[in-house]
Each structure stands twice: as C-alpha cells, then as structure tokens.
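# Remarks on the overall topology
The residues making up each chain are set out below.
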Amino acid sequence: MLIIAYRMFFPAPDGQDGADTVLYDPAIDTKPTPPDPLPVIPGALEPGPAIQPAPFKGTKQVYFIDMGHLEDTKGKQSPVFDDGFTLKEYWANHDTGARLGRYLEEAYGWVEGRDFIFTMKAEEAYDTTYHELLERVNRVSEISTEGKPKFVLSIHFNAYIQGKKLKWTAPQGIETWYQLGVTKSKRAAAFIQSNLVRDLARPDRGIKVKKEEQKQFFILRKLAKFGITVVLVEGGFFTNKEEAKYIRQAIYRDAIAASLANSLAALEGLNPTICL
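The sections below set out a description of the structure shown in this document.

Definitions and cut-offs
- Residues numbered from 1 in each chain as written.
- Predicted model: local features only at pLDDT ≥ 70, side-chain atom pairs only at ≥ 80, totals over all residues.
- Heavy atoms only, no water.
- Buried < 20%, exposed > 50% of the residue type's maximum accessible area, 1.4 Å probe, protein only.
- Helix = DSSP H or I, 4+ residues; strand = E, 2+ residues; numbered from the N terminus.
- Pairing = 2+ DSSP bridges.
- Salt bridge = Lys/Arg side-chain N within 4 Å of Asp/Glu carboxyl O.
- Contact = heavy atoms within 4.5 Å.

## Some details on the pairing of strand β2 (residues 62-67)
β2 sits mainly inside the fold: 6 of its 6 residues count as buried. Side chains Val62, Phe64 and Asp66 project from β2 onto one buried face, and the interleaved Tyr63, Ile65 and Met67 project onto a second face that is buried too. Taken together, the 3 bridges between β2 and strand β3 (residues 116-118) define a ladder with parallel strand orientation. Within the sheet, the bridge partner assigned to Tyr63 lies in β3 and is Phe116.

## Here we look at the pairing of strand β5 (residues 174-179)
On any regular strand, side chains alternate: one points to one face of the sheet, the next to the other face. Of all 6 residues making up β5, 6 are buried, and the element is well covered by its neighbours. Neither face of β5 is exposed, since Ile174, Thr176 and Tyr178 on one face and Glu175, Trp177 and Gln179 on the opposite face are all buried. In the sheet, β5 pairs with strand β7 (residues 229-237) via 4 bridges, with the strands oriented antiparallel. Bridging across to β7, Trp177 finds its partner in Leu232.

## Considering unusual backbone geometry
You will see that Glu146, though not glycine, has its phi angle at about 55 degrees, which is positive. With a phi angle near 55 degrees, Ala201 is a residue other than glycine that sits in the positive phi range. Positionally, Ala201 belongs in the loop between α3 (183-200) and β6 (204-210).

## Some words on the environment of His94
Structurally, His94 is set in helix α1 (residues 89-108). You can call His94 buried: its relative accessible area is 1%. Residues His94 and Met120, spaced 26 residues apart in sequence, show a C-alpha to C-alpha distance of 9.0 Å.

## Points about the pattern of salt bridges
Scanning the entire structure with this criterion turns up 11 salt bridges. Measuring nitrogen to oxygen at the nearest pair gives 2.8 Å for the salt bridge that ties Arg102 to Glu106. One end of the pair, Arg102, and the other, Glu106, are both in helix α1, 4 residues apart, so they sit about a helical turn from each other. The class for Glu106 is partly exposed, based on a relative accessible area of 31%. Each member of the salt-bridge network shares a partner with another, and the members are Asp95, Arg99, Arg253 and Asp254.

## Some points on the environment of Lys76
Position of Lys76 among the secondary structure elements: in the loop between β2 and α1. On the accessibility criterion, Lys76 (32% relative accessible area) is partly exposed. Sequence separation between Lys76 and Tyr90 is 14 residues, and the spatial gap between their C-alpha atoms is 7.5 Å. Excluding its chain neighbours within four sequence positions, the residues that come into contact with Lys76 are His69, Leu87, Lys88, Glu89 and Phe238.

Okay, structure coming up:
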C-alpha cells in the first residue's frame, strides 16, 4: 500500500478554519493538487481476488509521541507576520503529532494505546492549570508497556531569540537532540535526522547531544534516568521568517509527520509505505 502524504488535522486557533485561512496563504504557496491516477500497464493481467494482509500484531517497543508546550507557554511564538498572524509553537507541535498518529494508524496499522501513546491530550494544551512537563514525564514512566521497551519522540519547533524584543532572526534548519550516554538515542536521532533533512529539503543542523549539566530539555533529562530512549526533534525555526512560512503550512507539518512515521516504522523493521 502506498499513501501520498497530505492531511489537515489540528484546528487552527481562535476558531479559524485552518485549511484556507491560517494554514493556506496564497502569498506563501499554492494548494497542493491531488496526484495523477496510476497508469494502466499494457498487457497487465486482471487482478485476482483481494488478499487481506495479516493484521499487524504490534510493535517491539511502545512509542510515546510527545508534543511540547501549552497555549500560554511564554516565549514560544513567532514574531508577527506581515498579515498580522502570530504562530504559536504549541499549535504546530500538536498538529504535527496528531498527523503522525494518523499515519501510524493508517499506513502501518499501529494501534493507539498499544503501539503508540500520546503524552498529552489535545484539550490539555489549553488548560492553564495543567503542569505539562511533569505530567508528560509521569505518564511515560508510569504507564505499563508489559515489558516492552519505551521510546519517546518529542516534537518541537525551534527559536533563536536575540535581545529582549521578539524579532525575526537568521538561524534556520532541522536538528535532533538526544541524551548523553544513551547509545540507542544517539543512533535513533541520527537516523530520524537524516530522513527529515532528505524528505523536507531543509538545512541540516545535525544531531545534538543534551549534556547532564544543561538545564533545558526537561523531557530528555528526566526520562533518560529511567533508561528510556528519548529523541527530541526540532522541525525548523519559527523565528526565521522564511522557515516560519513553511511551518505555518499544513503541507509542511504533514511532511514532517509522514517522515517521522516512516522512520519509526523502519526502526521496527518495516518498509516505508508513505511517499513524500
């Protein structure tokens, strides 16, 4: 089965449609056109009875999809676009994670709750009383996976703040982080990073190691102590004006989700089925 990547999922903020207002901007890009139908092969035999594939029996490890930040997390937003729109990171994170979950289900037959688990519910992103970092870590550490190893994929977008005033800055590109001393995390980070750079054709900032003395990346620091494989993806800079235009588009976030789905499936020894 071949799935062509392009979906619309997480609702835009402020009740906006998302498909034709916030996510699609004629000044940024044109709407994608559906792929042409597959050509008929001359002389090909008529297909026989459909053969149902064997149901997927489950992954070897359980994947926790972690989407960072809340609606009101300070500093996690872009400068103002020319049209007055401000891109908040929580929204891009959650939309990308939702798309990833759907691809894992539809392309690979994975089951939410058995093969992959979200560390945060969509409605919690808007809850000002929710202690997101601690709750996310606790869910990963406390949920039983019946002896299967745990793998955490944390989805983020990057920022480079220069001075006290929020403004557009130059850094751009994709990078992937892992915790120092966790060998499996380093290998997985390198694999996921190479696939993202290839699939999205964005600058490669490489894999980066989170050292013990660094205070940022709470998820990496805390979960590594449990021996859990954790990889944190930064899918581009929302403080770079040109790259923020990509992040703003549904088709870009969808491509990230599709690339991540293919990478996780490959880690399970499955052949990629999503065409980017």
